[in-house]
Amino acid sequence: MLMDIDYGKCWGSSKKDSWKTTLLLAYQSLGVVYGDLSISPLYVYKSTFAEDIHHSDTNEEIFGALSFVFWTLTLVPLFKYVFIVLRADDNGEGGTFALYSLICRHARVSLLPNRQVADEAVSTYKLEHPPETKNSSRIKLLLEKHKTLHTSLLLLVLLGTCMVIGDGVLTPAISVFSAVSGLELSMSKEHHLYAVVPITCAILFGLFALQHYGTHRVGFLFAPIVLTWLLCISALGIYNIFHWNPHVYQALSPYYMFKFLRKTRKSGWMSLGGILLCITGSEAMFADLGHFSYAAIQIAFSFMVYPALILAYMGQAAYLSMHHDFTSKISFYVSVPECLHWPMLVVAILASVVGSQAIISGTFSIINQSQSLGCFPRVKVIHTSDKIHGQIYIPEINWMLMVLCIAVTIGFRDTKRIGNASGLAVMTVMLVTTCLTSLVIFLCWHKPAIVAILFLLFFGSIELFYFSASLIKFLEGAWLPILLALILMTIMFIWHYATIKKYEFDLHNKVSLEWLLALGPSLGIARVPGIGVVFTDLTSGIPANFSRFVTNLPAFHRVLVFVCVKSVPVPHVPPEERYLVGRVGPAAHRSYRCIVRYGYRDVHQDVDSFETDLVDRLAAFIRYEWSRSLENNNDIAGNEDYGSHSGDSNSSCRLAVIGTVAFSSQQPYEESVQPASVSIGFPTVESITDVIEMEPVGRRVRFAVDDEPEPDMMNHQDTYDGFNSHQSLPSRRNKPLYRLAVTIHMSSNNLTLNGFRSKYRYFILYSLSY
């Protein structure tokens, strides 16, 4: 699987993909997207006929189950996801957060407090502005007006997120358990009871123990394994159809669903909790859209996965229609010829491991996205690949999932009860997707309200029908995803609420700029050599924690940087648009503000690269202001002249978008931005008045470590923002004691920065020695 590092796209825009590339992506998507969906024939019929209904000589039950499976696969994965939901992408990204992001961009319903108008200038912040009708404007204003609706929408998103995490616990358990259950045909019942559970637990333990290596090492095996599995079940289905009952195709008529419910009544309705397992993994088509293209996923499902699954279910039904022996247990393996039993068992176990891997990786991704929205406690995120974007590993979550998976396997020891739990989680996620997509149809696609309502009623009624069949089995396993979701939603909502309250406190207690400028020797405050970096959630103003720091330690560094790391409701922020840098106060004060923007699918940089980029962007901003002052004044006699030039009120409100490419001769693009208001009822925030998208000047920034200190740069006359323009450093030597050393070269000036990092990320100071 090959993906672009910056945008998470495999090979670029689907519109420009050649057929060869699209087919290659379709092949690769088999192992990543369809692992879970393709192994559902292992347990669908077994869960359906577990206890509620029995297979009779009339074949009405098995033909009715086949009819339900066919139409469910056709209506939900094919019509709903492939033809409708996949089009509701956010810059090519899919999933619950993509839908929520689209809604938040088109209507101010987000609870994130630090929203700025400047965020709309990001190139991935795509908006459509067709003429709105009177009704659509009225409904949009209603949504934006009531904060209760904002909270309800967030709770809906969190519910879907928690159910996906719950599915990450249940899918590996039911997949591997069902695959290993094929041993029951080769050993006695007593031995089978003592063999399947330990083998399943051992496979699960090995699967989770290997997560820290990353899937890129074995990812090239995923697609061949799933393709082999699909070809095997297709061939097996064709063999069973022609060998046992060529007329099984008649069961595809919807009439058999009616006959099924008429005969089985309540038992048949309850058995739908097993039938709905045929669409487990359908959500992955939308969630993994960003890793592939719309055309690739559409081709892979329509021409490979869908036909293979239909043939597999028809083949099993054809075999069962000619075998009414109630003593033999209904399972996938009874329809496998004896000579192929062991090869199919091996392929099934491998396919179940691949399907489990996909949902585990998806769980890591969705938790990382939840962190970006401030809805999940901070956990350690490890990048497992330098080349493949988005492949991450979260140790704490991995071991928690492993313990829960093994506990579910040992506690339930039954495909039916695990299936009841998994079915409820799957249908809840699909219901959430249906509700959010209906809002996207109305708010983002600007379709008439009747279109969104019809979509919601048609697909929502189908999913509610299955959801009710799962919910009725609350005491038979369906309680587990509800319990997990309740615990996770409580944690996530409390964390999000506390995050907002913390921001509200910081906003109301921030310190004025006049207070910062008044700090000096007259108050006993010293400016020491160095760069001080203060992390804050505020996009404007001086955080209160800095005032407490100065009160307890009456000194701060000559160069002061207030850094805000924030999330923008887009999947990716291009690196060249990530950093907003501006001054705080006049130039002589040497204080700056840096806003670092990430999308919900962006993987945050590690500490070392973040340090390097931050200092690099700060140096680029200083060089840019220096070049602008040259253009405006032709010559800068000294720091005092420059300070008087850029110390006006406007300059302290200008932020520059610092890029990563070389400076061009073109003038930087300037955009006037009005102060932004917070969407949760806070007072208006003093945001930026201008945003300058700039490319750094063609001067050098080089990195080195030095042992010998430099004289105090304040002893030199020609200085620019505290950077000496005459003194050069001695020869460079390594110093293992320091984690970071940076030399900023401007003209002939050099400066060495030695960084010391605290374990608390929200407030970090960097020492500077000369």
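So, how was this worked out
Residues numbered from 1 in each chain as written. Predicted model: local features only at pLDDT ≥ 70, side-chain atom pairs only at ≥ 80, totals over all residues. Heavy atoms only, no water. UniProt positions renumbered as here; feature names shortened; annotations may be inferred. Helix = DSSP H or I, 4+ residues; strand = E, 2+ residues; numbered from the N terminus. Phe/Tyr/Trp six-rings, centres within 6.5 Å; stacked < 30°, edge-to-face > 60°. Buried < 20%, exposed > 50% of the residue type's maximum accessible area, 1.4 Å probe, protein only. Contact = heavy atoms within 4.5 Å. Patch = residues over 30% accessible without salt bridge, like charges linked within 9 Å, V, L, I, M, F, W, Y side chains within 5 Å. Areas by Shrake-Rupley, 256 points an atom, 1.4 Å probe, with all protein chains shown as cover. Salt bridge = Lys/Arg side-chain N within 4 Å of Asp/Glu carboxyl O. Expected span 1.5 Å × (residues − 1). Polar contact = N/O pair within 3.5 Å; in protein donor to acceptor, adjacent residues only side chain to side chain. Core = buried A, V, L, I, M, F, W, Y, C linked by side-chain atoms within 4.5 Å. Axes fitted to C-alpha atoms, helices over the stretch in contact; angles between N-to-C directions. Parallel < 35°, antiparallel > 145°, perpendicular 65-115°, else oblique. Nonpolar A, V, L, I, M, F, W, Y, C, P; charged D, E, K, R; others polar. Pairing = 2+ DSSP bridges.

- If you look the chain up in an unreviewed UniProt entry, it shows as Potassium transporter from Kalanchoe fedtschenkoi.
- UniProt's Function (unreviewed entry) comment on the chain is quoted here verbatim: "Potassium transporter."

1. Considering unusual backbone geometry
Then step 1. Its identity is not glycine, yet Asn91 carries a phi of approximately 55°, on the positive side.
Then step 2. Turning to its location among the elements, Asn91 is positioned in the loop between helix H4 (60-82) and helix H5 (96-106).
Then step 3. Of note, the phi angle at Arg265 is positive, near 55°, even though the residue is not glycine.
Then step 4. The topology assignment puts Arg265 in the loop between helix H10 (255-264) and helix H11 (266-275).

2. Points about the packing of aromatic side chains
Then step 1. For the structure on display, the rule yields 23 aromatic pairs.
Then step 2. Here the aromatic rings of Phe364 and Tyr393 are separated by 6.0 Å at their centres, their planes lie at 85°, and the arrangement is edge-to-face. Of this pair, Phe364 sits in helix H14 (residues 341-372) while Tyr393 sits in strand E2 (residues 392-393), and the two are 29 residues apart along the sequence. Take Phe364 and Tyr393: they sit in the same class, and that class is buried.
Then step 3. Both rings, one in Trp515 and one in Phe546, keep their centres 6.3 Å apart while their planes meet at 90°; by these two values the pair is edge-to-face. Of this pair, Trp515 sits in helix H19 (residues 513-518) while Phe546 sits in helix H20 (residues 544-552), placing them 31 residues apart in sequence.

3. As for the environment of Trp515
Then step 1. Given a relative accessible area of 27%, Trp515 falls into the partly exposed group.
Then step 2. Trp515 sits 27 residues away from Ile542 along the chain, and the two C-alpha atoms are 9.1 Å apart.
Then step 3. The residues touching Trp515, leaving out its near neighbours within four places in the chain, are Phe546 and Ser547.

4. Points about a nonpolar patch on the surface
Then step 1. Judged by side-chain polarity, Leu471, Phe474, Leu475, Trp479, Leu483, Ile487 and Ile491 come together as a nonpolar surface patch covering roughly 640 Å² of accessible area.
Then step 2. The greatest single-element share of the nonpolar patch, amounting to 4 residues, is contributed by helix H18 (residues 479-508).
Then step 3. With respect to the helices and strands, the residue Leu471 is situated in helix H17 (residues 449-471).

5. Some words on helix H16 (residues 415-443)
Residues separated by three or four positions in an α-helix point in the same direction, a consequence of the helix having 3.6 residues per turn.
Then step 1. With 29 residues, H16 should reach 42 Å at 1.5 Å per residue; the first-to-last C-alpha distance of 41 Å fits that figure.
Then step 2. Counting buried residues along H16, 26 of its 29 residues qualify, which places the element largely inside the surrounding structure.
Then step 3. Backbone nitrogen of Lys416 and a side-chain oxygen of the N-cap are separated by 3.2 Å at the start of H16; the cap is Asp414.

6. Points about the nonpolar core
As a rule of thumb, soluble globular proteins bury nonpolar side chains together.
Then step 1. Core analysis: the biggest nonpolar cluster contains 167 residues, and Tyr34 and Trp229 have the highest contact counts within it.
Then step 2. With 18 residues, helix H13 (residues 294-321) is the single largest residue contributor to this core.

7. What to know about the packing of H11 against H17
Then step 1. It is at 8 Å that the axes of H11 and H17 come closest, and there the two elements cross at 100°. When the interaxial angle is binned, H11 and H17 end up roughly perpendicular. Two secondary-structure elements touch here, H11 through Trp269, Met270, Leu272, Gly273 and Ile275 and H17 through Phe465, Tyr466, Ser468, Ala469 and Ser470.
Then step 2. Looking at the contact of H11 with H17, its residues break down into 7 nonpolar, 3 polar and no charged.

8. Things to note about the pattern of salt bridges
Then step 1. Within this structure, the stated rule accounts for 14 salt bridges.
Then step 2. For Glu625, the salt bridge goes to Arg583, with nearest N and O atoms at 2.5 Å. Within this pair, whereas Glu625 is found in helix H21 (residues 607-633), its partner Arg583 is found in strand E5 (residues 579-583), the two being separated by 42 residues in sequence.
Then step 3. According to the relative accessible area criterion, Glu625 is buried, its value standing at 13%.
Then step 4. A network of salt bridges, in which partner residues are shared, links Glu60, Glu61, Lys259 and Lys263.

9. Looking at the environment of Ala587
Then step 1. Take Ala587: it is sitting in the loop between E5 and strand E6 (591-598).
Then step 2. Counting along the chain gives 35 residues from Ala587 to Ile622, while the straight-line C-alpha distance between them is 9.8 Å.

10. A short note on the pairing of E6
Then step 1. In terms of burial, E6 is largely enclosed, as 8 of its 8 residues are buried.
Then step 2. Residue alternation in E6 divides its side chains into two sets, Ser591, Arg593, Ile595 and Arg597 and Tyr592, Cys594, Val596 and Tyr598, and both sets are buried.
Then step 3. Alignment of strand E4 (residues 555-567) against E6, held across 8 bridges, turns out to be parallel. Each residue of the ladder has a partner; that of Val563, found in E6, is Cys594.
Then step 4. Two elements, E5 and E6, share 5 bridges in a ladder whose sense is antiparallel. Counterpart to Val581 in the pairing with E6 is Cys594.

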